[in-house]
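# Per-entry structural report
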Amino acid sequence: MSGWKVFGSRAKRLEDPALLTGQGRFVDDIILPEMLHAAFVRSPHGHAKISRIDVEQAQTMDGVQAVYTLNDFRPHLTNEHLVVGLPSPAYKQELDRPALANDEVVYVGKPVAIVVADTRYIAEDAAAMVMVDYDILPAVADCRAALEDGAPLAHSTSPHNILAQFDMGYGEVDSVFANAPHVYSESMWQHRGGSQSIECRGAVSFYDPIEDLVTLYSATQAAHTAKNILIDMLGLDENQIRVIIPDVGGGFGPKLVFYQEDVAVVLAAKLLGRPVKWAEDRREHFISTTQERDQFWDVEIAVDNDGKILGLRGSMIHDHGAYTARGINLAFNSALIVSLPYDVPCYYMDVVLAVTNKVPVTPVRGAGHPQGIFVMERLLDRAARELGIDRPEIRRRNLIPTEQLPYTKGLKTRGDAPVILDSGDYLACMEDALERIDFTGFLERQKKALQEGRYIGVGVANYVKGTGRGPFETVTVRIGPSGKIMVYSGAAAMGQSTQTMLTQIVAEHLGGDMENVEVVIGDSSVVPMGIGGSASRQTVTAGSSALLAAREVQDKALKVAAHMLEASEEDLEIDGNEIRVKGVPDLKVGLGKVAHAVAGTPGYALPGGIEPGMEATKNFMVDDLTFVNGTAAVEVEVDPETGKVSFLKYVIVHDCGTVVNPMIVEGQVIGGTAHGIGNTLFEWMGYDETAQPITTNFAEYLLVSAPEMPHIQMGHMESPTPLNPLGVKGVGECGVVPAPAAIISAVENALSPFGVFFDHVPLRPPEIVEKIQSAKALAG
Amino acid sequence: MGETRKISLSVNGKTYEEEVEVRFTLADFLRQQPGLTGTHLGCEHGVCGACTILLNGRSARSCLMLAVQVDGQEITTIEGIAPSEDEMHPLQEAFRDNHGLQCGFCTPGMLTTLIEFLGDNPDPTEQEVREAISGNLCRCTGYQGIVAAALDAAQRLREAKGA
Ligand code: FES
Ligand code: FES
């Protein structure tokens with residue numbers, strides 16, 4: 001975009017100076033006078049009945065202020081459950097989380113009681129002294145086992161372990177498969193991991209009896225959701241609760257969820273009349289913060305002799321965890337995304353969500369999409385191999401050509417809107433990635449490497465992902481008498497540069513000085529409604545509202561200034577914090593003065609018959625998702641002795657429509673890619689057969705560190721979407737999505753001399769070694 | 001309150017004399033008593049590196065030390081890196097210019113670790129930088145911006161020295 005002042009530029013982030021000098025304010029940095037500290041007593045069992053909770057000893061310890069169980073909270077709760085499930089007709093049972101455990105615990109880590117003390121140290125000591133008698137019940141750890149006849153029930157009060165069931169599809173699947181020349185079946189699975197934001201969760205709450213106001217500072221991605229749930233649970237009215245999001249040290253999905261700890265901290269603060277803080281520690285994060293990705297697929301693809309896809313069908317079991325902390329959206333996203341970038345004439349997927357005795361499952365960066373894309377891309381690799389077609393070539397033959405966009409799929413979104421691929425050039429995107437990785441020269445490289453005894457491989461994966469989920473995000477733009485431009489929104493930031501993004505959009509139309517704009521977000525008191533940060537949605541929703549609001553304020557400011565300067569609007573321009581007559585530098589008026597002129601003086605008319613206040617509030621409404629697309633191409637080397645996978649090159653070419661700030665977009669895509677690499681090769685959230693988590697620290701659960709991380713080479717394409725006035729698409733989750741499919745394809749390709757194949761992620765070194773060894777043994 | 005002891009230490013050039021609980025970690029002490037909350041806690045078991053501070057100029061994990069262990073010693077935290085209130089350290093500038101931070105939670109540990117490293121190795125390779133921060137986890141950036149920032153800062157520091 002040329003001709004812009006700041007929009008589209010690599011503007012430096014406004015968030016940085018405070019964060020770089022230790023002046024950020026994260027939830028655990030909030031220290032209030034008289035503040036107390038909370039620790040939670042948590043279930044050590046995957047499944048058990050509670051027969052008795054004895055808090056006496058803990059309560060009488062020095063420095064302990066209170067110990068509360070659900071019984072203590074009950075009189076103060078109008079609803080003792082956190083009702084958060086997104087609506088769907090697919091539910092077979094409702095499993096909302098109780099504020100604290102009632103008489104049954106259904107996963108390790110479930111909060112049973114809250115201890116509040118003078119220091120965190122004392123609170124933790126006292127939590128260890130709360131005696132809970134458990135009668136252990138059989139637990140179900142594996143979502144497939146959960147559905148078998150005679151499986152133990154994850155909740156003893158449930159009729160079965162099916163949370164929900166649905167199917168989706170289009171076309172004449174049965175007849176197509178009956179007549180297809182080739183049908184290939186695969187079973188695949190993906191394992192769960194966590195968000196593992198480097199900042200854990202946390203909450204600080206206090207009650208002000210003078211204002212009759214509860215304030216909650218929470219490391220959440222959605223202030224208004226938190227507020228609404230608290231209104232429901234505590235019987236408050238809208239004016240009695242304010243939720244503020246301080247700086248958030250990474251979200252990646254799980255911080256979108258409202259948790260039991262939040263309501264417990266709020267109630268404790270209210271009952272004790274003093275501020276209470278809880279800061280989650282890493283072990284708690286491993287056992288009590290939501291996770292994602294366990295899915296087991298049985299799928300088959302039908303193709304003709306040329307590798308043209310004729311149809312795809314199958315079934316999938318999704319591990320939902322012990323409660324509904326969000327909805328059925330993950331399984332839905334996974335099933336929906338499989339076929340999207342390709343021309344698939346018929347499709348059918350049957351999906352079951354199984355309840356298990358594990359921490360609830362909600363979106364983690366990627367939200368079901370990496371799994372669905374993995375399934376499609378692995379099936380294409382299989383078909384290519386069987387038919388002797390090059391892997392890129394089979395994709396070329398099946399990708400939806402750009403001339404056919406917008407392309408309506410035979411599927412519906414969860415809001416029942418048709419799935420329409422809006423814009424992009426999938427084929428060009430893949431070709432660009434192939435060129436960057438020098439796919440044509442690869443066979444030569446591979447041959448040479450093999451002669452040196454080195455196993456290198458290349459993989460490629462295409463993806464699309466629905467982003468910019470609506471329906472809206474409110475933005476108010478206001479110029480005050482100070483001349484500062486204030487931007488208020490229900491959007492939330494957790495590291496994705498939301499303030500900078502909104503500032504670039506607003507400043508563009510109001511003087512071009514980013515320093516003159518102040519963004520206030522993540523505070524339920526600044527706008528009445530908000531949805532928050534999830535589903536790569538905020539640049540689309542809040543960004544578009546900001547654009548519309550800024551334009552309206554611009555028009556209004558010019559109108560008033562025209563009146564004040566006795567000039568025509570067309571001759572005026574806003575520059576910095578002034579409006580001036582073009583070409584006449586001295587004829588100008590400050591933005592503050594202009595705002596002041598419409599702020600109202602008793603008894604005097606407003607200039608130009610204008611509405612009072614230099615402000616505009618906009619709710620850009622959108623129902624359709626806008627689909628980003630991209631291609632990852634990866635070259636790896638695998639050591640067959642140790643199973644170590646090293647990256648030789650990692651390319652991602654992606655298209656997120658108009659780019660507001662390329663630096664931020666790159667940061668998002670590369671960061672997401674790191675997450676995807678972790679999911680593919682390192683991150684293993686283990687549970688034993690009693691549903692006891694066995695990877696609960698960073699030594700057992702490995703995050704990617706800098707030496708393992710390749711330099712990511714990025715290519716941008718820009719196909720603006722017609723679905724919003726900015727032409728933007730979401731970007732926050734894109735890097736994760738193609739990583740598992742591309743990397744596993746590359747590893748398989750590297751090990752092709754051994755004839756080994758892989759059907760799951762994460763793929764860890766011992767598994768690679770084992771596979772090679774058994775292949776060798778088989779070969780004799 | 002459990003057993004306490006009096007300690008005296010210098011943090012960012014300022015001397016503190018404080019009564020501290022003997023079981024308080026250095027990180028908790030720094031965050032709660034002088035109120036220097038720029039030092040972050042990401043794991044409290046010595047892996048993530050977010051809590052890294054400089055102890056007598058050497059990087060150390062403040063979550064793995066007790067406050068009483070640093071009696072009489074000198075500490076630098078993220079709050080003490082910039083030369084003045086309105087001027088940032090070249091490493092901080094480079095982080096901003098190269099998008100070396102997103103949420104900023106790992107940043108304190110990255111900066112302190114790299115300050116020590118660039119002191120020892122003023123002209124590092126990319127791989128050396130990657131090794132230097134291998135004990136600092138970042139979930140946001142994929143490290144690319146951080147590595148670029150470190151290399152950029154190294155150059156700025158060399159130029160400043162040469163000038
Ligand atoms: S908090 Fe000290 S290393 Fe993680
Ligand atoms: S910037 Fe968020 S963890 Fe590094």
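Provided above is the structure to which this section pertains.
Residues numbered from 1 in each chain as written. Chains lettered and ligands numbered in written order. Predicted model: local features only at pLDDT ≥ 70, side-chain atom pairs only at ≥ 80, totals over all residues. Heavy atoms only, no water.

### Re the sheet that holds strand β31 (residues 645–655) of chain A
All names here are of chain A.
- Spatial ordering of the open sheet is given by β22-β30-β31-β32, a layout of four strands whose pairing is mixed. Of all strands in the sheet, those bounded by a partner on one side alone are β22 (455–467) and β32 (712–717). Strand-to-strand twist in this sheet, taken as the mean axis angle between neighbours without regard to direction, amounts to 15 degrees.
- Sheet topology places β22 next to strand β30 (residues 626–638); 13 bridges connect them, and they run antiparallel. Residue pairing for β30: G466 is matched across the bridge by F627. (Pairing = 2+ DSSP bridges. Helix = DSSP H or I, 4+ residues; strand = E, 2+ residues; numbered from the N terminus. Axes fitted to C-alpha atoms, helices over the stretch in contact; angles between N-to-C directions.)

### Section: the interface of chain A and chain B
- In this complex, chain A contributes 56 residues to the contact, which on the side of chain B involves 48 residues.
- Run the count over chain A and chain B and you get five salt bridges.
- The partner of D28 of chain A in a salt bridge is R31 of chain B, with the nearest N and O atoms 3.2 Å apart.
- Sorting the residues of the side of chain A that touches chain B by element identifies α1 (16–20), α4 (120–129) and α18 (662–681) of chain A as the ones contributing at least two each.
- Broken down by class, the residue content of the side of chain A that touches chain B amounts to 26 nonpolar, 19 polar and eleven charged. (Contact = heavy atoms within 4.5 Å. Salt bridge = Lys/Arg side-chain N within 4 Å of Asp/Glu carboxyl O. Nonpolar A, V, L, I, M, F, W, Y, C, P; charged D, E, K, R; others polar.)

### Some words on the sheet that holds strand β1 (residues 36–42) of chain A
Residues and elements named next belong to chain A.
- The strand order across the open sheet formed by seven strands is β3-β7-β1-β15-β12-β13-β14, and the pairing between neighbours is mixed. With partners counted over all chains shown, the strands left at the sheet margins are β3 (64–68) and β14 (241–244), one partner each. On average, each strand axis in the sheet is tilted by 20 degrees relative to the strand beside it, whichever way the strands run.
- In this structure, β1 lies alongside strand β15 (residues 276–279), joined through two bridges in parallel fashion.

### Observations regarding the pattern of salt bridges
- Using the criterion set out here, one finds 63 salt bridges over all chains in the structure.
- Ionic pairing is found between R158 of chain B and D123 of chain B, a salt bridge with its closest N-O pair at 3.1 Å. Of this pair, R158 of chain B sits in helix α5 (residues 144–162) while D123 of chain B sits in the loop between α3 (107–120) and α4 (126–132); the two residues are 35 residues apart in sequence, bridging distant segments of the chain.
- By relative accessible area, which is 32% here, R158 of chain B ends up partly exposed.
- In the salt-bridge network here, residues are joined through shared partners; they are R42, R120, E124, R201, E261, E280, D281 and E284 of chain A. (Buried < 20%, exposed > 50% of the residue type's maximum accessible area, 1.4 Å probe, protein only.)

### Observations concerning the side chain of T39 of chain B
- Tracing the sequence through the fold places T39 of chain B in the loop between α1 (26–32) and β3 (52–55).
- The residues contacting T39 of chain B, other than those within four sequence positions of it, are R31, C51, I53, S62, T77, I78 and E79 of chain B.

### Regarding the pairing of β31 of chain A
All names here are of chain A.
- Among the eleven residues of β31, eight are classified as buried, and the element is accordingly described as predominantly covered.
- Strand direction decides the pairing type here: β30 and β31, joined by ten bridges, are antiparallel. Paired with A633 across the strands is V651, a residue of β31.
- With antiparallel pairing between neighbouring strands as the criterion, β30 and β31 make up a hairpin whose turn holds six residues, including G643 at a positive phi of roughly 80 degrees.
- Bridge count for β31 against β32 is six bridges, and the pairing is parallel. From the neighbouring strand, V651 faces β32, where its bridge partner is Q713.

Function cannot be read off these values alone, since they describe shape.
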